[in-house]
Amino acid sequence: MKLIHCADIHLDSRMEANLTKEQAKLRKNELLLTFCDLVEYAATHDVKAVMIAGDLFDTGRVAVRTRNVVMELMTGHPQIDFYYIRGNHDQTWLTAEQEGLPDNLYLFDEEWKSYTYSGEAITISGVELSADNHLRVCNTLVLDPDRVNIVMMHGQEAHYHGKDQAEIINLRELRDKSIDYLALGHLHSYKAEPLDKRGICCYSGCLEGRGFDECGEKGFVLLDVKDGRIESQFIPFARRTLFEVPVDLSGLQTAGEIEAVVAEQLSKIGKENLVKVLLQGSVEVDTPKDVDYLLSRFAGDYFFLKIYDQTKLDIHIEDYQNDVSLKGEFIRMVLSEKLPQERKTQIILNGIRALSGEEID
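These numbers were taken from a predicted model, which means no experiment stands behind them.

A full pass over the atoms with the stated rule returns 10 aromatic pairs. On the basis of an interplanar angle of 70° and a centroid distance of 5.1 Å, the ring pair of F220 and F237 is categorised as edge-to-face. Remark: F237 occurs in the loop between β14 (229–236) and β15 (242–248) and F220 occurs in strand β13 (residues 219–226); sequence separation between them is 17 residues. One aromatic cluster is present, built from ring pairs that chain together Y83, Y106, F108, Y115 and Y117. A cation sits over an aromatic face here: R240 above F303, 4.0 Å from the ring centre.

Pasting the structure below:
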C-alpha cells in the first residue's frame, strides 16, 4: 500500500515581499497547481492515501475558488483517502461539523483519532495540538504494536515541553509507543531521523518554496508499506526552486572577472528558478563592483533574481599613511573617526564613487 506524506502547502499565500504583483499572482496559482499535480501523481501511482500534516492553507480565510478546487480534487478522486490535520496557520478553516465535505476526507481534532485499513493492518492516527492538550496529549497515545502505525502531528520537534507552547512536540514522550512513521508538519524542509528502535520521524517540508528562507529541493514523501515494513522516499516536486548563491570576490580586480565568476556560479541553475546572489569576500577599494550592472546582466535569465553586496573592504590605514592624494586623505580621515565599521565602509564607498565621478545612491 502506498501513501503520500505532505505538509505546509500554504495555499493562498500572498508572496509579495520580493516579487512583483504579477509574479506573486503567478506563484500563488502555482502553489495550487502543484498540489493538484500531487493528487494526479497519487492517482497515477496507485497511492491509496494522501496525508496532509497541517497548513494546507496559509490563513483561516480561504478564497472560495481555492476551497472549491481542493474539494473538487478530493471528490474527483474517490479512490484516494485524504487525511488532514489542521496546522497553526489554518486552525479555523475546516471542522468535522461542516456539511458537504467529501466522503474520502478524514479529519482530526484535539483528542487522538485513528483510522484503520484492516486488510493491510495499517492504522493512521493523529491529533491536533492546542493550548489545552499539548502537555498531556503524547502520554495518551495508545497503539497496537502488531499493526503498522502511522502518526500525524503538526508542530516543532523538541525533547522538552515549552511553557504555553502548543506547537511543541516532545519526541521523548513518543518513543516506544509502537510508532513506525511519525508524519510531521511545520518545518519547511525535508528531514528524517530515527524516533526509536522501531520507527522514524519525518518532516516532509513544503511543496513549493515561497521565500529565500525556504531554499533547496521541496516536495513530498512517498511511503510504501510492504510485509509490515515502511519504505520512505523523498520526491522532489516543486515547479521552481529557490537558491541562495554565495559568490566570493576576494582577489578579483576587474568588472569582467566579477561578471565571469557570477556567471559561473549561476550556470548550474535552471532559468525557471528564483535566485539570491550574495557577493562576499574582501575587496580592494578600487574593485569595480556594480550591482546594478550585474542585475541588468543576469536578472532576465531567471524568474526572479536579487543581488546583495556583502563584501568587506580590505583597507589598512597604514597603506595610506604616505599616500599624497585626495583619496588617501579622505580614507585616512574616515578611518580615524569613531564610527561603526559598517558606517565607515559605506562612507568610503560613497566617497570613492564621488571622487571617480559616479552617482551616489
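Having put the structure on the table, let's press on.
Glancing now at unusual backbone geometry. Residues other than glycine seldom take positive phi values, yet D8 does so here, at roughly 55°. Within the secondary structure layout, D8 lies in the loop between β1 (2–6) and α1 (21–44). Classification of D8 as buried rests on a relative accessible area of 0%. In the Ramachandran plot, H186 falls in the positive-phi region, its phi being about 135° despite a non-glycine side chain. Inspection of the secondary structure assignment puts H186 in the loop between β10 (181–185) and β11 (191–194). With a relative accessible area of 21%, H186 lands in the partly exposed category.

Residue position: E208 is located in the loop between β12 (200–203) and β13. Looking at E208, its side chain comes within polar contact range of the side chain of T34, at 2.7 Å. A distance of 2.6 Å separates the side chain of E208 from the backbone nitrogen of R239, its partner in a polar contact. The contact partners of E208, leaving out residues within four places of it in the chain, are R27, L31, T34, E214, K218, A238, R239 and R240.

Criteria and cut-off values
Residues numbered from 1 in each chain as written. Predicted model: local features only at pLDDT ≥ 70, side-chain atom pairs only at ≥ 80, totals over all residues. Heavy atoms only, no water. Phe/Tyr/Trp six-rings, centres within 6.5 Å; stacked < 30°, edge-to-face > 60°. Helix = DSSP H or I, 4+ residues; strand = E, 2+ residues; numbered from the N terminus. Lys NZ or Arg CZ within 6 Å of the ring centre and 35° of its normal. Buried < 20%, exposed > 50% of the residue type's maximum accessible area, 1.4 Å probe, protein only. Polar contact = N/O pair within 3.5 Å; in protein donor to acceptor, adjacent residues only side chain to side chain. Contact = heavy atoms within 4.5 Å.

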